[in-house]
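Coordinate inspection notes
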Amino acid sequence: MSERAFPAPSTVSEQARAWLAFDVGELTYPDADDTDGWLALAAQANQSTARRFPIAELPVAVEDFEADGAIGYAARPHGADGEAIFLWMHPGGLLVGGGEACRATTAKTALSTGMLVWGVDYRLPPLHPYPAALNDALSVYRRALREREPSQVFVGGDSAGGNIAAALLLRAKDMGLPMPAALVLNTPQIDLTESGDTFQTLNGVDNVLRSLAPTNALYAAGADPRDPYLSPIFGDVSGFPPTFLKSGTRDLFLSNTVRMHRKLRAAGVPTELHVFEAMPHGGFGGDSPEDLDAAAEQRRFLAQHGALRRG
């Protein structure tokens, strides 16, 4: 494919245009069997995330917890006294984002939502491929259901976390567990086959994300990527709770998001789809007017379904 230039449009904020001037470029991955190489790549990325989101002086209290062997972080903004739990799955391409990075992004999510967030530090490959992450999410979800009514439990995830969140609801439904009050999927990584249109049309347009085929394969560890627990877009979503979906017109995962929206709508699930002008994968860095607008929409959605109701 020939090189193409995509200047930032005048239709977005100055902060958004500055973000679009940055390009992550092509990523280089270790060989599939290079365990040390994968671990080193993950450690470097996690350290970078933890430094980017320091939590020591943020107005949020974070406590570690354990649920049947799974690790999580409970983050509550100062002054937030609602009892609802937002069970949140971190991003990271099904490879990175755990440990201190997960603690940091959980605190950031708590501040963004204004509510108690349980961030699941789900296990990841190469040491813990599928289904370890899904098992961890299920363990924390079951603990949440022991401590709260389903109407006080909300589930969500960003990018790879959207995969785990959607797969969790498929598995919970198959097990006969109650659904949460609502689901949030921000630019979800829900198709490990990468079969959607924008994996072609926005390849090189999204300045943040490229194909994650190598990490998808590492995570699946030989399992069929079309299995709904690996690619929830292929699952039966009937009975899912009201769902919030977010993406952008430059997001490589735009096809994932709009396909999931249509699938949920076809199943009769009340669903909101928010697509932002020129937004690449994950947003414009977090502080642009567009990012703040998206966060406000998510808070409104959560509040509409009872997230901010006092316990």
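Here the structure is shown first, and the text comes after it.
Residues numbered from 1 in each chain as written. Predicted model: local features only at pLDDT ≥ 70, side-chain atom pairs only at ≥ 80, totals over all residues. Heavy atoms only, no water.

1. So, helix H2 (residues 35-52)
Because each turn of an α-helix spans 3.6 residues, side chains separated by three or four positions in sequence point in the same direction. For H2, spanning 18 residues, the distance from its first C-alpha to its last is 26 Å, which sits close to the expected 26 Å at 1.5 Å a residue. When we look at burial in H2, the residues that qualify are Gly-37, Trp-38, Ala-42 and Asn-46. With its buried residues spanning 165° around the axis, H2 presents them on a single face. In H2, those exposed residues whose orientation departs by more than 90 degrees from the buried face are Asp-36, Gln-44 and Arg-51. Taken together, the buried residues of H2 touch helix H3 (100-113) and helix H7 (213-220). (Helix = DSSP H or I, 4+ residues; strand = E, 2+ residues; numbered from the N terminus. Expected span 1.5 Å × (residues − 1). Buried < 20%, exposed > 50% of the residue type's maximum accessible area, 1.4 Å probe, protein only. Arc of directions from axis to C-beta. Contact = heavy atoms within 4.5 Å.)

2. Re the side chain of Asp-191
Structurally, Asp-191 can be placed in the loop between strand E6 (182-186) and helix H6 (198-201). By relative accessible area, which is 1% here, Asp-191 ends up buried. Looking at Asp-191, its side chain comes within polar contact range of the side chain of Thr-193, at 2.5 Å. Side-chain polar atoms of Asp-191 contact the side chain of Ser-195, separated by 2.7 Å. (Polar contact = N/O pair within 3.5 Å; in protein donor to acceptor, adjacent residues only side chain to side chain.)

3. With respect to helix H4 (residues 132-147)
Between its terminal C-alpha atoms H4 stretches 23 Å, which fits the 22 Å expected from 16 residues at 1.5 Å a residue. Within the span of H4, buried status applies to Ala-132, Ala-133, Leu-134, Asp-136, Ala-137, Leu-138, Ser-139, Val-140, Tyr-141, Ala-144 and Leu-145.

4. A word on the pairing of E6
By the criterion of burial, E6 is predominantly enclosed, with five of the five residues buried. Every second residue of E6 is oriented toward a common face, with Ala-182, Val-184 and Asn-186 on one face and Leu-183 and Leu-185 on the other, all of them buried. As paired elements, strand E5 (residues 153-158) and E6 share five bridges and run parallel to each other. Across the sheet, residue Gly-157 finds its bridge partner in E6, namely Leu-185. Each parallel crossover has a hand, and the one from E5 via helix H5 (residues 160-174) to E6 is right-handed. The pairing of E6 with strand E7 (residues 243-248) spans four bridges and is classified as parallel. Directly across from Leu-185, in E7, lies its bridge partner Leu-245. (Pairing = 2+ DSSP bridges. Right-handed = clockwise from strand over helix to strand, strands pointing away.)

5. Observations regarding the pattern of salt bridges
In the structure shown here, the tally under the stated rule is twelve salt bridges. Between Asp-23 and Arg-210 there is a salt bridge; the shortest N-O distance is 2.9 Å. Residue Asp-23 is located in the loop between helix H1 (14-20) and H2, and its partner Arg-210 is located in the loop between H6 and H7; the two are separated by 187 residues in the primary sequence. By relative accessible area, Asp-23 is classed as partly exposed at 43%. By relative accessible area, Arg-210 is classed as buried at 9%. Among the salt bridges present, the one from Glu-100 reaches Arg-103, with a minimum N-O distance of 2.2 Å. You can see Glu-100 and its partner Arg-103 sitting in helix H3, three residues apart, about one turn around the helix. On the accessibility criterion, Arg-103 (13% relative accessible area) is buried. Residues joined by salt bridges that share partners form a network here, namely Glu-83, Arg-143, Glu-147 and Arg-148. (Salt bridge = Lys/Arg side-chain N within 4 Å of Asp/Glu carboxyl O.)

Nothing here speaks to function; it is all geometry.
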